[in-house]
Amino acid sequence: MVSEKEKTIGTCLVGAAAAVVGASLLHLYLKGDPFPLGLGLGLGLPWRRFRQRKPVRVYMDGCFDMMHYGHCNALRQARALGDQLVVGVISDEEIIANKGPPVTPLHERLIMVKAVKWVDEVIPDAPYAITEDFMRRLFDEYQIDYIIHGDDPCVLPDGTDAYALAKKAGRYKQIKRTEGVSSTDIVGRMLLCVRERSINDSHNHSSLQRQFSHGHTPKFEDGGSPAGTRVSHFLPTSRRIVQFSNGKGPGPDAHIIYIDGAFDLFHAGHVEILRVARELGDFLLVGIHDDQTVRAERGAHHPIMNLHERSLSVLACRYVDEVIIGAPWEVSKDMITTFNISLVVHGTVAESNDFLKEKDNPYAVPIRMGIFRILKSPLDITTSTIIKRIVANHEAYQKRNTKKEASEKRYYEEKTYMTGD
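Computed from a predicted structure; not experimentally measured. (Residues numbered from 1 in each chain as written. Predicted model: local features only at pLDDT ≥ 70, side-chain atom pairs only at ≥ 80, totals over all residues. Heavy atoms only, no water.)

A. Expanded view of the pattern of salt bridges. Summed over the entire model, instances satisfying the criterion amount to 12 salt bridges. Taking the shortest distance from any N to any O, the salt bridge between Asp83 and Arg53 comes out at 3.2 Å. A residue pair is termed long-range when its members are at least 10 positions apart, and Asp83 in the loop between α2 (69-80) and β2 (84-90) and Arg53 in the loop between α1 (4-30) and β1 (57-62) qualify at 30 residues. Given the relative accessible area of 28%, Asp83 is considered partly exposed. Residue Asp92 is joined to Arg109 by a salt bridge in which the shortest nitrogen-to-oxygen separation is 2.5 Å. Of the two residues, Asp92 is situated in helix α3 (residues 92-98) and Arg109 in helix α4 (residues 106-114); the sequence distance between them amounts to 17 residues. Overlapping salt bridges, with partners in common, bring together Glu272, Arg275 and Glu279 in one network. (Salt bridge = Lys/Arg side-chain N within 4 Å of Asp/Glu carboxyl O. Helix = DSSP H or I, 4+ residues; strand = E, 2+ residues; numbered from the N terminus. Buried < 20%, exposed > 50% of the residue type's maximum accessible area, 1.4 Å probe, protein only.)

Structure follows, in structure tokens:
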């Protein structure tokens, strides 16, 4: 016969145990597991009421013209503010109406954006301004929680803020702009290069190349004359390299693919050949030649982007697992052994066809070893292609830069008037 005292103690113990179990299950649920350890099934508890936390979806848009590491860093920062990043790529028509002609057409810009490792979803033909209708579409159709932009002004031709409505709605977040690079600066480097070469072929090429390699860019005044230079604020810190890196090496039995090049003005052609190369193995290792090597092979005005700028652009690509910063021109036996390379590849579209030479072929060793393969390049685009586009339309691009400066001036004048600063 159980006494009343024993019944009371038993009831208390059961109640305490239930409380502990309930607290434990609640803790696991809050951590994101609505059915911890398979519990809740057949226990008569209303587990279906509990749901996992809704992922925070953030939106960022842009032209992403002549996409560079600054764009990639902006997307990395935006992704860090949420769980999923949706990117709007502005249409060619909208860019022409608001800024001037883009260097790269929409289909190439889409390839570039989709290849960035921090991007989850892409909206093509996005509008330049966040209108009320488009903002509602973002919130309702795409379930966007916040709209992201850099701390640099984005102004419409009339001088108004393109993100004014998002700010008013309280759904706007801001990231820090990457200093030291912009599409305008890159265009300026190339225009300066072409102008100096055409004016005087005996110009001190090494001096000009030092400007390019250290990030100096021209400032066009009075119709495009380079009246001075702007010093790049880009500093290749180890922290930035880590931010862009995957942080994982190949597995012990990984089939490692190696491809090398300058990867100057990283473009859609580069992205597509890297995608094809990555499909051949488990790990893609990319060798990036240093500035001196590129200069020796392509001329004194190359590369347009310096080694660390080019390295970050390649590292941001989702198809790339690791890079060798300053890779040797020749692929040696020691290098193949050190990195455990299974296959060396090269695209059919390139600035030069050195891999076809009988003498001084940089791929002579992997060819002899039977581990070299030529891949058909999906796109017929090279760095020279991009440079030719800019040279052919240099007047339009100079007008575009002037238009941008005028819009930003109106924006700051209006901001000063409103704040009284």
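B. Summary view of the sheet that holds strand β3 (residues 121-126). Spatial ordering of the open sheet is given by β3-β2-β1-β4-β5, a layout of five strands whose pairing is parallel. Of all the strands in the sheet, the pair left with one neighbour each is β3 and β5 (172-175). Strand-to-strand twist of the sheet, defined as the mean angle between neighbouring strand axes without regard to direction, takes the value 30°. Both β1 and β2 contribute to a ladder of six bridges, which runs parallel. Paired with Arg57 across the strands is Gln84, a residue of β2. Along the sheet face, α2 touches β1, β2, β4 (146-150) and β5 and points at about 140° away from the line of β2. The sheet contacts of α4 involve β2 and β3, and relative to β2 the element is tilted by about 165°. (Pairing = 2+ DSSP bridges. Axes fitted to C-alpha atoms, helices over the stretch in contact; angles between N-to-C directions. Contact = heavy atoms within 4.5 Å.)

C. Inspection of the packing of aromatic side chains at higher detail. This model, assessed by the stated rule, comprises five aromatic pairs. Aromatic pair Tyr59 and Phe134: ring centres 5.9 Å apart, planes at 65°, arrangement edge-to-face. Of the two residues, Tyr59 sits in strand β1 while Phe134 sits in helix α5 (residues 132-140), which places them 75 residues apart along the sequence. Just as Tyr59 is buried, Phe134 falls in that class too. Between Tyr163 and Tyr172, the aromatic rings sit 5.9 Å apart at their centres with planes inclined by 50°, giving tilted as the arrangement. According to the relative accessible area criterion, Tyr163 is buried, its value standing at 2%. Classification of Tyr172 by relative accessible area gives buried; the value is 17%. (Phe/Tyr/Trp six-rings, centres within 6.5 Å; stacked < 30°, edge-to-face > 60°.)

D. View of the sheet that holds strand β9 (residues 283-288). The five strands are arranged β10-β9-β8-β11-β12 in an open sheet whose pairing can be described as parallel. Of all strands in the sheet, those bounded by a partner on one side alone are β10 (322-325) and β12 (372-375). Pairs of neighbouring strands in the sheet enclose a mean axial angle of 30°, with direction left out of account. In the sheet, strand β8 (residues 256-261) pairs with strand β11 (residues 341-347) via three bridges, with the strands oriented parallel. Looking across to β11, one finds that Tyr258 is bridged to Val344.

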